[in-house]
Amino acid sequence: KATTTKKTTTTKKKKRSNSTTTTTTKQSQSLATMAPPAEKQSEAVRSFLYPGEDQLPDDVSMSIWEHLEELRDRALISSAAVTVMILLCFCFAKDLVLFLEAPVAEEGVRFLQLGPGEYFFTTVKVAGYCGLLLGAPVVLYEAIAYILPGLTKDERKFLGPIVLGSSVLFYAGIGFAYAILTPAALKFFIGYSDQAVESLWSIDQYFEFVLVLLFSTGLSFQVPVIQLLLGQTGIVSSAQMLSVWRYVVVGSVVAAAVLTPSTDPFTQMLLAVPLMSLYLGGAALVGVVEKGQAGEELPEGR
């Protein structure tokens, strides 16, 4: 009887493993069928890496030293613009500090300077972050001007929307974090410690928390831009992006847990839900682009 029971258990385990293997194989096969043809993928990657001469309207022959010299000049201009913005922000550092303290200004929180010069170094940090934020358009313009001559006609069509969309999403992420994420996280901590301890916060730790949350949220809002770039190069299709939505849900929760400096699940879910929405919106946008490309190729096939 014991031998029969062991055999039955072993048979059940084999059946389960076989069913799991079959399910995994079916999922991989479905993803493979959703992917663009291998020839189309290789052709898209090849045309992306080695465009034809007719696709380069501003093809100019330059030596490596001329490229490095242009790169140096544009890097100097970007550095000068960011430095000027940082100095300008440092002149208004007190106003910026009060602006960033606004999410908890009505909660009775008091900020303390726990060491000599802590407030001074905090204002330098705030001015540095704000200066980078204000100087980013100049840096972006210089970077685009440097790579523009090497872009093809098709790539230039998508350059403007991608740059504009990336900038809008980045600043929208910062605004979302300032208006919703930061107050929600801070109110959670204040309410949790209510009637137990008095809220006396270090000014340096508070601004480190807020600034990291703002910039990490802005960067996480770049998901649709990455999806559009992958779809434009033909590496991933919109059907493939939508087919892995379960992994996207798990990945969004994990990314929110990593990006948010707080440990409360409420703040993490406030970031995870927009990330999932941005991913689905990006997949839908890639599908619209694919339909447009298919409509352009159809008359040529006729």
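The structure under discussion appears in the preceding block.
The text that follows walks through the structure, step by step, so that each part is easy to find. Model, not experiment: these values are computed from the prediction.

### Observations concerning the overall build of the protein chain
- Counting its regular elements, the protein chain contains 11 helices and two strands.
- Element order for the protein chain, N to C, with α for helix and β for strand: α-α-α-α-β-α-α-β-α-α-α-α-α.
- Out of the 302 residues in the protein chain, the part that is buried amounts to 31%.
- A separation threshold of at least 6 residues defines the contact pool for the protein chain, and within that pool the share at least 24 residues apart is 85%.
- Here the protein chain displays about 19,200 Å² of accessible surface, and carbon together with sulfur accounts for 66% of that area.

### Overview of the layout of surface pockets
- Computed from the structure, the second largest pocket encloses a volume of approximately 240 Å³.
- Contributing to the lining of the second largest pocket are Ala136, Pro137, Val139, Leu140, Ala143, Val163, Ser166, Ser167, Phe170, Tyr171, Leu219 and Gln222.
- For the lining of the second largest pocket, the per-class residue count stands at nine nonpolar, three polar and no charged.

### A few points about the nonpolar core
- The biggest cluster of nonpolar side chains holds 43 residues, and the ones touching the most others in it are Leu100, Val104, Trp201, Tyr206, Phe207 and Leu214.
- Contributing elements (two or more residues each) for this core: helix H4 (93-101), helix H5 (118-147), helix H6 (153-192), helix H7 (203-220), helix H8 (223-232), helix H10 (245-259) and helix H11 (265-301).
- Ranked by the residues each element gives to this core, the list is headed by H6, at 10 residues.
- Residues within four places of leucine 100 in sequence aside, it is in contact with Val126, Tyr178, Tyr206, Phe207, Val210, Leu211 and Leu214.

### Comments concerning the packing of aromatic side chains
- In total, this model carries 11 aromatic pairs according to the counting rule given.
- Between tyrosine 129 and phenylalanine 215 the ring centres are 5.1 Å apart and the planes differ by 55°, which places this aromatic pair in the tilted class. Placement of the pair is tyrosine 129 in helix H5 and phenylalanine 215 in helix H7, with a sequence separation of 86 residues.

### Notes on the pattern of salt bridges
- Counted by the stated rule, this structure contains five salt bridges.
- Measuring nitrogen to oxygen at the nearest pair gives 4.0 Å for the salt bridge that ties glutamate 69 to arginine 72. With glutamate 69 and arginine 72 both in helix H3 (residues 64-91) and three residues apart, this pair spans about one turn of that helix.
- The class for glutamate 69 is partly exposed, based on a relative accessible area of 43%.
- The partly exposed category is assigned to arginine 72, whose relative accessible area is 47%.
- The closest approach of N and O atoms between aspartate 204 and lysine 125, which form a salt bridge, is 3.2 Å. Placement of the pair is aspartate 204 in helix H7 and lysine 125 in helix H5, with a sequence separation of 79 residues.
- Look at the salt bridges and you will find they share partners, linking Glu69, Arg72 and Asp73 into a network.

### So, a nonpolar patch on the surface
- Taken together, the side chains of Leu242, Trp245, Val249, Val250, Val253, Val254, Val258, Met269, Val273 and Leu280 make up a nonpolar region of the molecular surface, amounting to roughly 870 Å² of accessible area.
- Those elements that provide at least two residues to the nonpolar patch are H10 and H11.
- When you line up the elements, leucine 280 lands in helix H11.

### Here's the deal with H7
- Between its first and last C-alpha atoms H7 spans 26 Å; for 18 residues at 1.5 Å apiece the expected length is 26 Å, and the two agree.
- In terms of burial, H7 is largely enclosed, as 13 of its 18 residues are buried.

### Re the side chain of serine 238
- Assignment of secondary structure puts serine 238 in helix H9 (residues 238-243).
- Relative accessible area serves as the criterion here: at 12%, serine 238 is assigned to the buried category.
- Beyond its immediate chain neighbours, meaning those up to four positions away, serine 238 contacts Ala283, Val286, Gly287 and Glu290.

### Notes on the packing of H6 against H8
- Interhelical geometry of H6 versus H8 gives an angle of 160° and a closest axis separation of 9 Å. One way to sum up the angle between H6 and H8 is to call them roughly antiparallel. Across from Phe158, Ile162, Gly165, Ser166 and Leu169 in H6, the residues of H8 making contact are Pro224, Val225, Leu228, Leu229 and Gln232.
- Tallied by class, residues from the contact of H6 with H8 come to seven nonpolar, three polar and no charged.

### Considerations on the packing of H3 against H5
- Remark: H3 packs on H5, axes separated minimally by 7 Å, with the N-to-C direction vectors making an angle of 145°. The hand of the H3/H5 crossing is right-handed.
- Among the residues making up the contact of H3 with H5, the classes are represented as 18 nonpolar, six polar and three charged.

### Describing the environment of glutamate 70
- Summarising the element assignment, glutamate 70 is placed in helix H3.
- Distance in space between the C-alpha atoms of glutamate 70 and tyrosine 146 is 7.6 Å, their sequence separation being 76 residues.
- If near-sequence neighbours (up to four positions away) are discounted, glutamate 70 is found in contact with Met62, Ala145 and Tyr146.

Rules used in this analysis
Residues numbered from 1 in each chain as written. Predicted model: local features only at pLDDT ≥ 70, side-chain atom pairs only at ≥ 80, totals over all residues. Heavy atoms only, no water. Helix = DSSP H or I, 4+ residues; strand = E, 2+ residues; numbered from the N terminus. Buried < 20%, exposed > 50% of the residue type's maximum accessible area, 1.4 Å probe, protein only. Contact = heavy atoms within 4.5 Å. Areas by Shrake-Rupley, 256 points an atom, 1.4 Å probe, with all protein chains shown as cover. 1 Å grid on protein atoms, 1.4 Å probe; cavity = no way out; pocket = protein on both sides within 12 Å on 5 of 7 lines; lining within 4 Å. Points joined across faces, edges and corners; volume = space filled by probe spheres on them. Nonpolar A, V, L, I, M, F, W, Y, C, P; charged D, E, K, R; others polar. Core = buried A, V, L, I, M, F, W, Y, C linked by side-chain atoms within 4.5 Å. Phe/Tyr/Trp six-rings, centres within 6.5 Å; stacked < 30°, edge-to-face > 60°. Salt bridge = Lys/Arg side-chain N within 4 Å of Asp/Glu carboxyl O. Patch = residues over 30% accessible without salt bridge, like charges linked within 9 Å, V, L, I, M, F, W, Y side chains within 5 Å. Expected span 1.5 Å × (residues − 1). Axes fitted to C-alpha atoms, helices over the stretch in contact; angles between N-to-C directions. Parallel < 35°, antiparallel > 145°, perpendicular 65-115°, else oblique. Left-handed = near helix turned anticlockwise from the far one by under 90°.

Distances and angles like these do not, on their own, reveal function.
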